[in-house]
Amino acid sequence: MILLNPGPVTLSERVRTALAGPDLCHREPEYAELQTRVRAGLSAVYALDATEWTSLLLTGSGTAAVEAMLASLVPADGRLVTVENGVYGERMTRMARAHGIDVVAVPHAWDAAIDLDALDTALAGAPRPASVAVVHHETTTGRRNDLAAVGAVCRRHGARLLVDAVSSFAGEPLEFEAWGVHACAATANKCLHGAPGMAFVILRRGLLADAPTPGRTLYLDLAGHARAQETESTAFTPAVPALYALDAALAELSEQGGWPARHARYAALAERVRVGLARAGIRPYLDPGVCSVVLRSYALQSGQDYARLHDGLKARGFIVYAGQGELADTLFRVSTMGAITDADVTALIDAVHDIAGARADGGSAAPASDRGAT
Ligand SMILES: *Cc1c(COP(=O)(O)O)cnc(C)c1O
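All values derive from a computational prediction rather than experimental measurement.

Novice: Kindly report on a nonpolar patch on the surface, identifying the contributing residues and their values.
Specialist: Side chains of L218, Y219 and F236 sit close together on the surface and give an oily, nonpolar patch of about 300 Å² of accessible area. The exposure class of L218 is exposed, given its relative accessible area of 68%.

Novice: Any chance you could break down the site of the ligand for me, citing the residues and the numbers?
Specialist: In the region of the ligand, the neighbouring residues are S61, G62, T63, Y88, R91, V135, H137, T139, D164, V166, S167 and K190. In this structure, T63 approaches the ligand through a side-chain N or O atom, which is 2.5 Å from an oxygen atom. Contacts to the ligand include S167, whose side-chain N or O atom sits 3.4 Å from an oxygen atom. Listed by contribution, the elements that provide at least two residues to the shell around the ligand are α3 (62-73) and α4 (87-98). When its residues are assigned to classes, the shell around the ligand shows 3 nonpolar, 6 polar and 3 charged.

Novice: Account for the pairing of strand β8 (residues 160-164), naming residues and giving values.
Specialist: Of all 5 residues making up β8, 5 are buried, and the element is well covered by its neighbours. Pairing of strand β5 (residues 130-135) with β8 involves 5 bridges; the strand directions are parallel. Each residue of the ladder has a partner; that of V135, found in β8, is D164. As judged from the 3 bridges shared by β8 and strand β9 (residues 183-187), these two strands associate in the parallel manner. Each bridged residue has a counterpart across the sheet, and for V163 the counterpart in β9 is C184.

Novice: Would you mind going over the pattern of salt bridges in detail, with residue names and values included?
Specialist: What the rule picks out here adds up to 15 salt bridges. In this structure, the salt-bridge partner of E177 is R204, at a minimum N-O distance of 3.0 Å. In this pair, E177 is assigned in helix α7 (residues 176-179) and R204 in strand β10 (residues 198-204), connecting sequence segments 27 residues apart. If you follow the salt bridges from partner to partner, you end up with R39, R205 and E230 in one network.

Novice: Mind laying out the packing of helix α5 (residues 116-124) against helix α6 (residues 147-157), listing which residues take part and the relevant values?
Specialist: One can describe the packing of α5 onto α6 by two numbers: an axis separation of 10 Å at closest approach and a directional angle of 25 degrees. Classified by the angle their axes make, α5 and α6 are roughly parallel. As α5 packs across α6, the resulting crossing turns out to be right-handed. Contacts from L116, L119, D120, L123 and A124 of α5 reach α6 at A149, V150, V153, C154, R156 and H157. Classifying every residue of the contact of α5 with α6 by side-chain character gives 8 nonpolar, 1 polar and 2 charged.

So, how was this worked out
For every chain, the first residue of its written sequence is number 1, and the numbers climb from 1 along that sequence. In keeping with the model being predicted, local features are shown solely for residues with a pLDDT of at least 70 and side-chain atom pairs are shown and tallied solely at 80 or more, while totals for entire chains, interfaces and linings include all residues. Remark: hydrogens and water are excluded; side-chain values derive from all non-hydrogen atoms of the structure. Each patch groups residues whose relative accessible area exceeds 30% and which form no salt bridge, using 9 Å between like charges and 5 Å between nonpolar side chains of Val, Leu, Ile, Met, Phe, Trp and Tyr. Surface accessibility in these figures is a Shrake-Rupley result with a 1.4 Å probe; residues are shielded only by whichever protein chains are displayed. Note on definitions: salt bridges are taken to be side-chain nitrogens of Lys or Arg within 4 Å of carboxyl oxygens of Asp or Glu. To sort residues, take the accessible area from a 1.4 Å probe on protein chains only and compare it with the maximum for the residue type: under 20% means buried, over 50% means exposed, and anything in between is partly exposed. Only a single heavy atom is needed: when it lies within 4 Å of a molecule or strand, its residue is near that molecule or strand. Any N or O atom pair separated by 3.5 Å or less is treated as a polar contact, with the protein-specific requirement of one donor-capable and one acceptor-capable atom, and with residues adjacent in sequence counted only for side-chain atom pairs. Each helix is a run of H or I in the DSSP string that is no shorter than four residues. Each strand is a run of E no shorter than two, and both are numbered from the N terminus. Gly counts as polar in this scheme, as do all residues outside two lists: the nonpolar Ala, Val, Leu, Ile, Met, Phe, Trp, Tyr, Cys and Pro, and the charged Asp, Glu, Lys and Arg. Here, a strand pair is defined by DSSP locating no fewer than two bridges between the strands. Throughout, an axis means a line fitted to C-alpha atoms (over the contacting stretch in the case of helices), and angles, computed between N-to-C directions, take values from 0 to 180 degrees. Just so you know how the angles are binned, under 35 degrees is roughly parallel, over 145 roughly antiparallel, 65 to 115 roughly perpendicular, and the rest oblique. In this scheme, a crossing is called left-handed if the near helix is turned counterclockwise away from the far one by less than a right angle; it is called right-handed if the turn is clockwise. Residue contacts are defined here by distance: any two heavy atoms, one from each residue, within 4.5 Å place the two residues in contact.

In structure tokens, the structure reads:
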């Protein structure tokens, strides 16, 4: 099965094989060595200076890392401003509420670009120290939010910039220093091409100095994870097989040319998908110019039924993803993360044409415009 959903991804054989590594106790030096190598490898993806930045591993999904970042890095008396233009931005507001954080949301329509004036206004009224939480690549629609612009607003207000980079880390440019990023949360099993189970937060070392004490959470408290991991230990039992896989995935990424090569690869695949779907009359939901190369959303035409498309593709060996929430009936999403080949994309396009052609022949489910003509 070829997974074209936004994580978990289709694994390479090397990463899959790594999952079956030796049984390992996390209190032994072999574990410490593995953990140290993976943490350094994560910081190295964007060539971060190890004296300024640290990577902390968590066992959990991407959501765990985002929640750890917000719960641990918003100071006790600080306000959080969340930027919402999709499911994941809205989820961060819910996380902040769950942890009793003083949060103000800046809501947007899901197809909208970030309103910088609205963010500016929200920050102007915020007590210091303020933090801003924003999603880099909003997987709901495929939009890549303009973090350079958001970072500039944050800088003007002296606010911390906390980024959900779960579906962009290793696939999109992330300029930690130039954009003024303070921390970002991500996961092993999206653009890094690892297995589900490990997630991480990369943060400026000084940030934990005014972390809330006691922490708002025990398992997700980054201060506790930092104390353990900076002394080559681990706070809790880690998902060792997933860590083996992440180690292999990081080596593979580096050998393949790092994030710039992966970005270029995704861009080429996304373009092949776009052109192929256009021949079947399926158009992108957003202008590709504002989207990531990681995932694109496509508008279903009237008469096109998502369930039929999904099931037809699944029968032919491909998994695509529905739209979320209010977009469930109007769009579907195709991601080209993971060990995907050009031939896979060609076969996907053929399969879509096959299903669309079958529909046109079938008559009853033909698009409304076609029916009108008969
Ligand atoms: C996938 C995703 C998440 C959640 O990741 P899980 O691993 O499913 O918990 C969070 N944010 C973004 C932007 C995502 O794409």
